[in-house]
Amino acid sequence: MKILIVFKDPSTDSPNACHQGLGITALNLAMSLCEMRLDATALPVANGEYLWQKLAGAWSDYTHVILSAPFIDAAYLGKLFAQFPAKRFALVYHSNLGFLTQDRFAGVSIPQYIALEKQCRNFTVAANSAELSDAIQQATGLPFTHLPNLYHLPAKVQRTRASWTNGMTLNIGLFGAARMLKNWLTAGAAAMIMSRGLNASVRLHVSSGRDEGSSATRSVLDALLTLNPKVQLVAVPWLNHDDFRRYLYGMDLLLQPSFTETFNNVTADGCSCGVPSVVSEAIDWVPANWIAKADSAVQVAAVGCALLRDRKAVDKGWKALDQYNRKACQQWSNWLGA
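The structure displayed is predicted, hence computed values, not measured ones. (Residues numbered from 1 in each chain as written. Predicted model: local features only at pLDDT ≥ 70, side-chain atom pairs only at ≥ 80, totals over all residues. Heavy atoms only, no water.)

Enquirer: Mind laying out the overall build of the protein, listing which residues take part and the relevant values?
Expert: Each helix and strand in the protein was counted, giving 12 helices and 11 strands. Taking 2.2 N^0.38 as the reference for a compact globule, 338 residues should give roughly 20 Å; the C-alpha atoms of the protein span a radius of gyration of 21 Å, in line with that estimate. Principal axes of the C-alpha set define a box for the protein whose edges measure 65 × 45 × 40 Å. By residue count, 53% of the 338 residues in the protein fall in the buried class. By sequence separation, contacts in the protein at least 24 residues apart represent 71% of the contacts at least 6 residues apart. Of the roughly 15200 Å² that the protein leaves accessible, carbon and sulfur atoms contribute 53%. Charged side chains in the protein number 30 positive and 25 negative. The centres of these two groups are separated by 5 Å. (Helix = DSSP H or I, 4+ residues; strand = E, 2+ residues; numbered from the N terminus. Rg over C-alpha atoms; globule rule 2.2 N^0.38 Å. Buried < 20%, exposed > 50% of the residue type's maximum accessible area, 1.4 Å probe, protein only. Contact = heavy atoms within 4.5 Å. Areas by Shrake-Rupley, 256 points an atom, 1.4 Å probe, with all protein chains shown as cover. Lys, Arg positive; Asp, Glu negative; His and termini not counted. Charge placed at Lys NZ, Arg CZ, Asp CG, Glu CD.)

Pasting the structure below:
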């Protein structure tokens, strides 16, 4: 068995291609499968033609090919699967229904991929979200396999930063692409509430460089923060994954109150680096006391303050992610062994 995880990267011919987003997810899956003593590799592809060419040549020895998210149309994939009948293919959705309202290609392709699975015995359409998998299966009576994200954890959390205490500047991270469903304004208001409740100066570290269908988010966030001069916005350039994880070691708390998610790499990165997160119920693998109502800045702030006081929060987060990984590994083992 030799497993290939591919993800879309239009700059695959560049030696400086930056493997972010789905690339990070694919690399975590490959490393986790390797730790399971499986031969797995994650590689970028530009399009279906590029993948076909590689499978016919340099990548011909791969037995399993996993496509991270829908980016190749069903008609082309049908021809690809027929050309390589000895290989097993899976296409894994990385969005729940909420975000699919903003991804037309992925949304309208669901019926086409389901029909393709019926036609091609070597193809599985899947979701990294149990909610999406369950919804499609119960709505249609048709299979929609659950293949969750895997996150490669270190042996233990390496956290040497002193816990935040009164009198210190509070560093809060709000990271990821600027999208409406990421709910940044609620997070920004929560940071302001925490500043007043804790009587603390706050540095709110916010990712810059990727605004995806949410042009008003940054300007409204900037305007909102002027109401509390003790909250300083810090624009963080889009970093490669290693540099981003190093940056996280300077954070006291992360905020991810998204309205919809399937896994959320930022929260997992925080667990790995020893930083707790306030999340919404959409991120359900975390400790229960990390979850706040997505549409309530007051509740997000209250959970954040409680986590700052919880000296076991870091350990709880690592254990929750480790437990999630163990269950997810079993689901991958089931599919690969089928």
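Enquirer: A description of the pattern of salt bridges should follow, citing residues and the corresponding values.
Expert: Scanning all chains against the criterion turns up 7 salt bridges. In this structure, the salt-bridge partner of Asp 61 is Lys 2, at a minimum N-O distance of 2.7 Å. With Asp 61 in the loop between helix H2 (48-56) and strand S3 (64-68) and Lys 2 in strand S1 (residues 2-8), this residue pair connects regions lying 59 residues apart in the sequence. As a salt-bridge pair, Asp 243 and Arg 246 come within 2.6 Å of each other at their nearest N and O atoms. One end of the pair is Asp 243 and the other is Arg 246, both in helix H9 (residues 241-248) and 3 residues apart, which spans about a single turn. Judged by its relative accessible area of 31%, Asp 243 is partly exposed. (Salt bridge = Lys/Arg side-chain N within 4 Å of Asp/Glu carboxyl O.)

Enquirer: Give me the lowdown on helix H11 (residues 297-309), citing residues and values where you can.
Expert: Residues three or four positions apart in an α-helix share a direction because the helix packs 3.6 residues into each turn. In a regular helix each residue adds 1.5 Å, so 13 residues correspond to 18 Å; H11 covers 19 Å between its end C-alpha atoms and thus fits that length. Residues of H11 that are buried include every one of Ala 297, Val 300, Ala 301, Val 303, Gly 304, Cys 305, Leu 307 and Leu 308, and no others. (Expected span 1.5 Å × (residues − 1).)

Enquirer: Any details on the packing of aromatic side chains? Residues and values, ideally.
Expert: Applying the stated criterion across every chain, the model contains 13 aromatic pairs. Taking the centre distance of 4.6 Å and the plane angle of 40 degrees together, the rings of Phe 81 and Phe 89 count as tilted. The residues Phe 81 and Phe 89 share a single accessibility class, namely buried. A centroid spacing of 6.0 Å and a plane angle of 50 degrees characterise the contact between Tyr 93 and Phe 144, whose relative ring orientation is tilted. One end of the pair, Tyr 93, is in strand S4 (residues 88-93); the other, Phe 144, is in the loop between helix H6 (130-140) and strand S6 (145-146), with 51 residues separating them in the sequence. Just as Tyr 93 is buried, Phe 144 falls in that class too. Members of the aromatic cluster, connected to one another through ring pairs, are Trp 52, Tyr 76 and Phe 84. Cation over ring: Arg 88 sits above Trp 335, and NZ or CZ is 4.5 Å from the ring centre. (Phe/Tyr/Trp six-rings, centres within 6.5 Å; stacked < 30°, edge-to-face > 60°. Lys NZ or Arg CZ within 6 Å of the ring centre and 35° of its normal.)

Enquirer: Describe the packing of H9 against helix H10 (residues 265-273), with residues and values.
Expert: Between H9 and H10, the shortest axis-to-axis distance is 9 Å and the interhelical angle comes to 60 degrees. One way to sum up the angle between H9 and H10 is to call them oblique. Once H9 is placed against H10, the crossing between them reads as right-handed. Residues His 241, Phe 244, Arg 245 and Leu 248 of H9 form the contact with H10, whose participating residues are Val 266, Asp 269, Gly 270, Ser 272 and Cys 273. Residues that form the contact of H9 with H10 fall into these classes: 4 nonpolar, 3 polar and 2 charged. (Axes fitted to C-alpha atoms, helices over the stretch in contact; angles between N-to-C directions. Parallel < 35°, antiparallel > 145°, perpendicular 65-115°, else oblique. Left-handed = near helix turned anticlockwise from the far one by under 90°. Nonpolar A, V, L, I, M, F, W, Y, C, P; charged D, E, K, R; others polar.)

Remember that the coordinates give geometry; whether it matters functionally is a separate question.
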